[in-house]
Structures are given as structure tokens and as C-alpha cells.
Amino acid sequence: MKELQQIIQAFEQANEKQQKTALATVVHVEGSSYRGPGARMLITETGLLTGAISGGCLEGDALRKALAVMMQGKPMLATYDTSDEEDAVIGVGLGCNGIIRVLIEPVLPEHAANPIALLRQVVRKRAPSVLLTFFSLHHKWDEQQGTRLLLKADGTTLETGSLPAAALPDAAAALANKNTAFIEYPGRLSAFVEYMAPPIALVVAGAGNDVLPLVQMAAVLGWDVTLADGRPNYASTRRFPGCRLVVADPAAALRELVIDSQTAVVLMSHNYNYDKAMLKSLLQLPAGYIGMLGPKKKLARMQAELEEEGITFTRERSARVYSPVGLDIGADTAEEIALAVLAEIKAVFAGKKGDSLRQATGSIHERKTEIVAKK
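Numbering of residues starts from 1 in every chain and runs along the sequence as written. Local features are withheld for residues below a pLDDT of 70 in this predicted model, meaning they are given only at 70 or higher, and side-chain atom pairs are given and counted only at 80 or more; totals for whole chains, interfaces and linings count all residues. Excluded from the side-chain calculation are hydrogens and water; included are all heavy atoms of the structure.

For the protein chain, the name recorded in an unreviewed UniProt entry is Alanine dehydrogenase, with Chitinophaga alhagiae as its organism.

Dropping the structure here:
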């Protein structure tokens, strides 16, 4: 999501200078690639690139094609075969072995539903949405290609041009099932139906010095970061610039926050009662991850006390609690602990175990990219 925000900002700056722009989107991959479907890059007529569609091996050629797209004012589908080691365009690649399809479309500011306008709606509100980007496998200059439909969680839509009759129902199904799909419609168009979840929201309970690297690293990742603490001299904008601050007791702090399944909460107050009160309330909320500093005996003591108070640790609740918090990487300093915690949060939300990649078998990124034909 941070990359999308950077792309939107770059477009706004280019638009202020009245520069032409094009948006490159990876819409389909066969085999392996450095970036998957949904990777985007904004190109300006001056050659400025924001975002990335590969590890660097495709950007140069995409720039040349984008300039042609800007000149002609219509989209094109570029296809790259990274399995061809002799390809002079791609050159020495990154070990990828697949076919990458990149849609490059002009961004026309005068069109209210241009692709950047749709992306702006995606990032504006913390809610899931589905974006449909159409491409043609048969005619690379097909003018019907483009990012043309956005379905938001509240049911509102933004669209441009005529769409296949099944497009909106397919978007609704992707939103309901929280999945991405590739669909070939009768005629000449296929669609990248992209489910877009909101970014991870990180709530940190505590404002000690050891929290500083955690919130700084999370900000680099583009996560939404909120700090909760009952001490105004600790939870201050001077110490945590740019971070949302909630100075309150646990119950009041949680009333000010929206805790959803994409929220990770880390208890780092170093105050047993504060952490316990937060944990008591969080167990009854849908936070996808609850981490807590301290040894296992701390959690065991809290669990016993909370169960005496009538809070049941069901299997589902216990599965969301991570204490001691973080991956086992030998972390010792505050910075290393922050790295271990953020890595564990990322792994949990990605459904991964956090193992070393050299132990993995098969492709690093497991992507379902079969294009399903609609009858």
C-alpha cells in the first residue's frame, strides 16, 4: 500500500507540472517472477519511475514502451519471457523463469475514473476493495484494455467504459471470498480481478525507548502505526513524530481505535497491569495478532488470572496470542527485537512460518495465475 501512495503522490506532482504519465501494471505471470500480479510503476514523460514491476530488468524497456503509450494515448500489453536467457532486452535477469505480462496505460487527468483516481479510492479508506484491470492476450494495442472497475467494501463502484456483464458479479465474488482471480471473458478481453486488503495496522501499547525502532521500521514498511500509553510525557509528538498517539488507559484507548482482522497489537508497556488490561479487551476483539513482551510465565500468569475473571482462552483466542513475541533470530537490542517482531507479524498475516527460504521447495511465491474462461 505504501508503494501505491508513492505512485499517487508522483502522479500528482507530474500533473502539477502538466507532464504526461503512464501506469505499468503486472497483470499476469506464468512461472516465476520477481514481482507478482499487482506490482505497479508510474512513468512520467521525463523518465521518472515510481514503484517497480521487476527487480530492475524490465524497467528500462517498460519506460520505452510507456513513452510510446503516452504519445499514442492508448494502452498496450507488453509480454516478457524471462526464461529466454539470450533475450537482449531483459539481459542478465534475476533467475526468474516465466512469462510476465505488463499492461501500460496512459493516465489521463481529464478522465474522472482514470487508473490513478481508482487507486486513490483504494488507499483513501481503510477497507478492502476489488480492482479489475482488463488486458488482451490477442491484440496488444486493444483500446479496451485498462484499469476500469473498482468495487469498494460498502458496495459503491467506480467504472469507466463498457464492461462485460459478468464483471461486477465477478468483482463481488472476489470481495466476498477475499481472493484474486484471472478471468477470460467471451470476445477478446481478460481481467486481472485483484482483491486488495487494507495495509497492516500496528498498535503498540507502550512508549518506552525500546518502542522507537519498532514504530520507525513499521513506518518504513508503510503500515498504519498507532501508539497507546497512559503517560503523556512518554507518548509525545516530540518522541514519536508522525505517529498517531492515544494517551489513555487501556479501555479508553481501545475505544478510540478500530481493531480489525488486519490489526497487529504489541504489548510493550513494561507494566503488568496495563498489558493485562489490554489483553483482556483484545481477546474479545478481532485483532489478527496479539504479541506481548516477556517470558512464557508472564502470559501463563495472566491467563490464569483472566480465566478467574471469566475470560476464556479458546483455541481461536490462544492462536492469536504470541508471547514471547517475535521470531527466534537471536535478537538482543531494541532494534533487533523490533526486526524479529515485525518479521513475525508479516509472516502471520502472510500465512507463513518464517522459515529460511533455502529450506523451501518449489517456487518462492506460490501464485495461482490460471486464466479461467467464462462461457
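Still to come is the rest of the account.
## Concerning the nonpolar core
In plain terms, the rule: Nonpolar cores were defined as sets of buried Ala, Val, Leu, Ile, Met, Phe, Trp, Tyr and Cys residues, with membership established by side-chain atoms within 4.5 Å. Per-residue accessibility, obtained with a 1.4 Å probe over protein chains only, is compared with the maximum for each type, and a residue is labelled buried under 20%, exposed over 50%, and partly exposed between these values. Helix and strand assignments come from DSSP, with helices taken as H or I runs of at least 4 residues and strands as E runs of at least 2, each series counted from the N terminus.
Among the nonpolar cores identified, the biggest contains 27 residues, and Leu267, Leu279 and Leu283 are the most heavily contacted of them. Secondary structure elements with two or more residues in this core: β11 (201-205), α6 (250-255), β14 (263-267), α7 (272-282), β15 (289-292) and α8 (296-308). It is α7 that contributes the most residues to this core, five residues altogether.

## Regarding the pairing of strand β12 (residues 224-229)
Heads up, the condition is: A pair of strands is treated as paired once DSSP finds two or more bridges between them. Handedness rule for crossovers: strands pointing away from the viewer, path from the first strand over the helix to the second running clockwise, crossover right-handed.
By the criterion of burial, β12 is predominantly enclosed, with five of the six residues buried. As judged from the five bridges shared by β11 and β12, these two strands associate in the parallel manner. Among the inter-strand pairings, Ala201 is bridged to a residue of β12, identified as Asp224. For the segment spanning β11, helix α5 (residues 212-220) and β12, crossover handedness is right-handed. Note: β12 against strand β13 (residues 244-247), four bridges, orientation parallel. Within β13, the residue paired with Thr226 across the bridge is Arg244.

## Observations concerning the sheet that holds strand β9 (residues 181-184)
Definition in use: Fitted lines through C-alpha atoms give the axes, limited to the stretch in contact for helices. The angle between two N-to-C directions lies from 0 to 180 degrees.
Across the sheet, which stays open at both edges, the six strands sit in the order β8-β7-β6-β10-β9-β17 with mixed pairing between neighbours. Only two strands of the sheet have a single neighbouring strand rather than two, namely β8 (157-159) and β17 (371-373). Mean inter-strand twist for the sheet, computed between neighbouring axes without regard to direction, equals 20°. Pairing of strand β6 (residues 129-135) with strand β10 (residues 190-196), which is carried by seven bridges, proceeds in the antiparallel orientation.

## Structural notes on helix α2 (residues 59-72)
One full turn of an α-helix is made of 3.6 residues, so residues set three or four places apart face in the same direction. Keep this limit in mind: What a helix is expected to span follows from its residue count: subtract one and scale by 1.5 Å. When checking whether two residues touch, look at their non-hydrogen atoms; a contact exists if any pair is within 4.5 Å.
In a regular helix each residue adds 1.5 Å, so 14 residues correspond to 20 Å; α2 covers 20 Å between its end C-alpha atoms and thus fits that length. Along its buried surface, α2 packs onto β1 (21-31), β2 (40-44), β3 (49-51), β4 (76-81) and β5 (98-107). Directly beyond the C-terminal end of α2, a positive phi value near 70° is found at Gly73.

## Things to note about the UniProt feature "domain: XdhC Rossmann" (unreviewed entry) in the protein chain
Stated precisely, the cut-off is as follows: UniProt positions are given in the numbering used here, feature names are shortened, and annotations may be inferred rather than shown by experiment.
In this structure's numbering, the residues bearing the UniProt feature "domain: XdhC Rossmann" (unreviewed entry) are residues 202-345. Overall, residues 202-345 shows 39% helix and 17% strand. The separation of its end C-alpha atoms is 9 Å.

## Observations regarding the sheet that holds β3
The strand order across the open sheet formed by five strands is β3-β2-β1-β5-β4, and the pairing between neighbours is antiparallel. Each end of this open sheet is capped by a strand with a single partner; those strands are β3 and β4. Adjacent strand axes in the sheet meet at a mean angle of 25°, parallel and antiparallel pairs treated alike. In terms of strand pairing, β1 meets β2 through five bridges, oriented antiparallel. Among the inter-strand pairings, Thr21 is bridged to a residue of β2, identified as Thr44. Helix α3 (residues 115-124) contacts β1, β2 and β5 of the sheet and is inclined by roughly 100° relative to β5.

## Focus: the environment of Val102
For Val102, the location among the structural elements is in strand β5. The contacts of Val102, once residues within four sequence positions are left out, are Ala24, Thr25, Val26, Ile53, Met76, Leu77, Ala78 and Tyr80.

## A word on the packing of α5 against helix α10 (residues 334-350)
Any two packed helices are characterised by the angle at which their axes cross and by the distance between the axes. Formally: Between 65 and 115 degrees an angle is taken as roughly perpendicular, under 35 as roughly parallel, over 145 as roughly antiparallel, and anywhere else as oblique. If you view the pair so one helix is near and one far, a crossing is left-handed when the near helix is turned anticlockwise from the far one by less than a right angle, and right-handed when it is turned clockwise. Three categories are distinguished: nonpolar for Ala, Val, Leu, Ile, Met, Phe, Trp, Tyr, Cys and Pro, charged for Asp, Glu, Lys and Arg, and polar for the others, with Gly belonging to the last.
The N-to-C vectors of α5 and α10 enclose an angle of 45°; their axes lie 8 Å apart at closest approach. Taken together, the axes of α5 and α10 are oblique relative to one another. Where α5 crosses over α10, the two elements pack in a sense that is right-handed. The segment α5 lies against α10, with Pro213, Leu214, Met217 and Ala218 engaging Ala334, Glu335, Ala338, Leu339, Val341 and Leu342. Looking at side-chain class alone, the contact of α5 with α10 contains nine nonpolar, no polar and one charged residues.

## Let's talk about the packing of aromatic side chains
In plain terms, the rule: Pairing of aromatic rings covers Phe, Tyr and Trp, the last through its six-membered ring, and needs centres within 6.5 Å; plane angles under 30 degrees mean stacked, over 60 mean edge-to-face, and all others mean tilted. Note on geometry: a ring has a charge over it if NZ (lysine) or CZ (arginine) is within 6 Å of the ring centre and within 35 degrees of the ring normal.
According to the stated counting rule, one finds three aromatic pairs in the structure shown. Measuring from ring centre to ring centre gives 5.3 Å for Phe182 and Phe192, while their planes differ by 10°; the resulting arrangement is stacked. Taken together, the positions of Phe182 in strand β9 and Phe192 in strand β10 put the pair ten residues apart, joining distant regions of the chain. The pair Phe182 / Phe192 is uniform in exposure class, with both members buried. Just above the ring of Tyr234 sits the side chain of Arg231; from NZ or CZ to the centre is 4.0 Å. Between Arg301 and the ring centre of Tyr272, over which it is positioned, the NZ or CZ distance is 4.1 Å.

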